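Spelled out, the chains give:
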Amino acid sequence: MPDETLIEATKAFVKETLKDAEGGHDWFHIERVYNNTLLIAKKENVDIFVVSLAALLHDIADSKFHGGDDAVGPRVAREFLFKENVSSEVIEHVVNIIANMSFNKSLEGALAFTSKELEVVQDADRLDAIGAIGIARCFNYGGFKGRALYNPEIAPNLNMSKDEYKKSTAPTINHFYEKLLLLKDKMNTKTGQQIAQERHQYMEGFLAQFYAEWNGEK
């Protein structure tokens, strides 16, 4: 199957699979990450076919919605690509990217797999977690999980393990300190770093305004 035909087939598969997904992890999230991936890849020496497939399939079965099971997403991606007669080399690379790109993996220490393609897709995904859209997604997910907006008596856990991160029920504002504000310094590529800087500053401004309103200062 020609690359472009497979890309379109993958888009159709993802749209159908995620048609009822939570708003922060739906097709539109995938589309934004895909577009970010193509933007970053312009300045990186990577396999466009591999990063395109990985971006499109990276959240096909997010562990947050599958009992914390990190193996579901890679398995669904592998099964789809196998049915589409994709080469074993490409399948292994895409599946390894999906299995190693999430933030909670970084809490384990050194990754078991690395590649320039992983770095590009990881940056693209992290960019969608910060800035205006990142803020919107954060509160959308917090509402989906029934979490408080903010509780001054519950401090962010800045040294949590992977298991603690996955089980956290902390107020949504804590997530900024436990993840979102950390992403700027975890970007792999120059393009990712440049875009992240502006989005990071936007989040800092939002938090300053949030606390001012919370405390009746504005």
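Cut-offs applied
- Note on numbering: residues in each chain are counted from 1, in written sequence order.
- Whole-chain, interface and lining totals are the exception, using all residues; otherwise, since this is a predicted model, local features are given only for residues with pLDDT of at least 70 and side-chain atom pairs are given and counted only at 80 or more.
- Hydrogens are left out, water is left out, and the side-chain values use all remaining heavy atoms of the structure.
- When accessible area is computed with a 1.4 Å probe and restricted to protein chains, residues below 20% of their type maximum are described as buried, those above 50% as exposed, and intermediate ones as partly exposed.
- Numbering goes from the N terminus for both helices and strands, where a helix is a DSSP run of H or I of at least four residues and a strand is a run of E of at least two.
- What makes two residues a contact is simply this: any of their non-hydrogen atoms within 4.5 Å.
- What qualifies as a polar contact is a pair of N or O atoms within 3.5 Å, subject to a donor-acceptor requirement within protein and to the restriction that residues adjacent in sequence count only when both atoms come from side chains.
- By nonpolar core is meant a set of buried Ala, Val, Leu, Ile, Met, Phe, Trp, Tyr and Cys residues that side-chain atoms within 4.5 Å join together.
- Geometry is summarised by axes, namely lines fitted to C-alpha atoms with helices restricted to the contacting stretch, and by angles between N-to-C directions that run from 0 to 180 degrees.
- An angle below 35 degrees is read as roughly parallel, one above 145 as roughly antiparallel, one from 65 to 115 as roughly perpendicular, and any other as oblique.
- Each crossing gets its hand from how the near helix is turned against the far one by less than a right angle, where anticlockwise is left-handed and clockwise is right-handed.
- Helix span, expected: 1.5 Å multiplied by one less than the number of residues in the helix.
- Definition used for salt bridges: Asp or Glu carboxyl oxygen within 4 Å of a side-chain nitrogen of Lys or Arg.

Colleague: Quick rundown of helix α3 (residues 48-57)? Include the residues and the values.
Modeller: Counted residue by residue, α3 has nine buried out of 10 residues, so it is predominantly covered. Residues Phe 49, Val 50, Val 51, Ser 52, Leu 53, Ala 54, Ala 55, Leu 56 and Leu 57 constitute the buried set of α3. Where α3 is buried, its residues meet α1 (3-17), α2 (27-41), α4 (72-83), α5 (88-100) and α7 (116-127). One side-chain oxygen of the residue at the start of α3 lies 3.0 Å from the amide nitrogen of Phe 49, identifying that residue as Asp 47.

Colleague: Help me get a handle on the nonpolar core, residues and values and all.
Modeller: One broad trend across soluble globular proteins is that nonpolar side chains are buried collectively. Formed by 56 residues in total, the largest nonpolar core has its most connected members in Leu 53, Leu 81, Val 94, Ile 97, Ile 130 and Phe 176. When residues of this core are assigned to their parent elements, the largest contribution, eight residues, is made by α3. Setting aside its immediate chain neighbours within four residues, Ile 130 contacts Leu 180, Leu 183, Met 187, Ala 196, Arg 199 and Met 203.

Colleague: Describe the packing of α2 against α3, and please don't skip the residues or the numbers.
Modeller: Viewed as axis vectors pointing N to C, α2 and α3 meet at an angle of 160 degrees, and their least axial separation amounts to 8 Å. For the element pair α2 / α3, the angle class is roughly antiparallel. The element α2 and its partner α3 pack so that their crossing is right-handed. In contact with Trp 27, Ile 30, Val 33, Tyr 34, Thr 37, Leu 38 and Ala 41 of α2, α3 contributes Ile 48, Val 51, Ser 52, Ala 55 and Leu 56.

Colleague: Residue-level account of the environment of Lys 43, with values.
Modeller: Along the chain, Lys 43 turns up in the loop between α2 and α3. Taking the C-alpha atoms as reference points, Lys 43 and Lys 116, separated by 73 residues in sequence, lie 12 Å from one another.

Colleague: Tell me about unusual backbone geometry, residues and numbers included.
Modeller: In this structure, Asn 85 takes a positive phi of about 60 degrees despite not being glycine. Within the element layout of this structure, Asn 85 appears in the loop between α4 and α5.

Colleague: How would you sum up α5? Please name residues and give values.
Modeller: Taking 1.5 Å per residue, 13 residues should reach 18 Å; α5 reaches 18 Å between its end C-alpha atoms and fits that length. Among the residues of α5, Val 90, Ile 91, His 93, Val 94, Val 95, Ile 97, Ile 98 and Asn 100 are the ones counted as buried.

Colleague: Could you give an account of the pattern of salt bridges, naming the residues involved and the relevant values?
Modeller: On inspection of all chains with the given rule, the structure shows eight salt bridges. Between Glu 16 and Lys 19 there is a salt bridge, with the nearest N and O atoms lying 2.9 Å from each other. With a relative accessible area of 55%, Lys 19 lands in the exposed category. The salt bridge involving Glu 44 is made with Lys 116; its shortest N-O contact spans 3.2 Å. Separated by 72 residues along the polypeptide, Glu 44 in the loop between α2 and α3 and Lys 116 in helix α7 bring together distant segments of the chain. Each member of the salt-bridge network shares a partner with another, and the members are Arg 32, Asp 128 and Arg 137.

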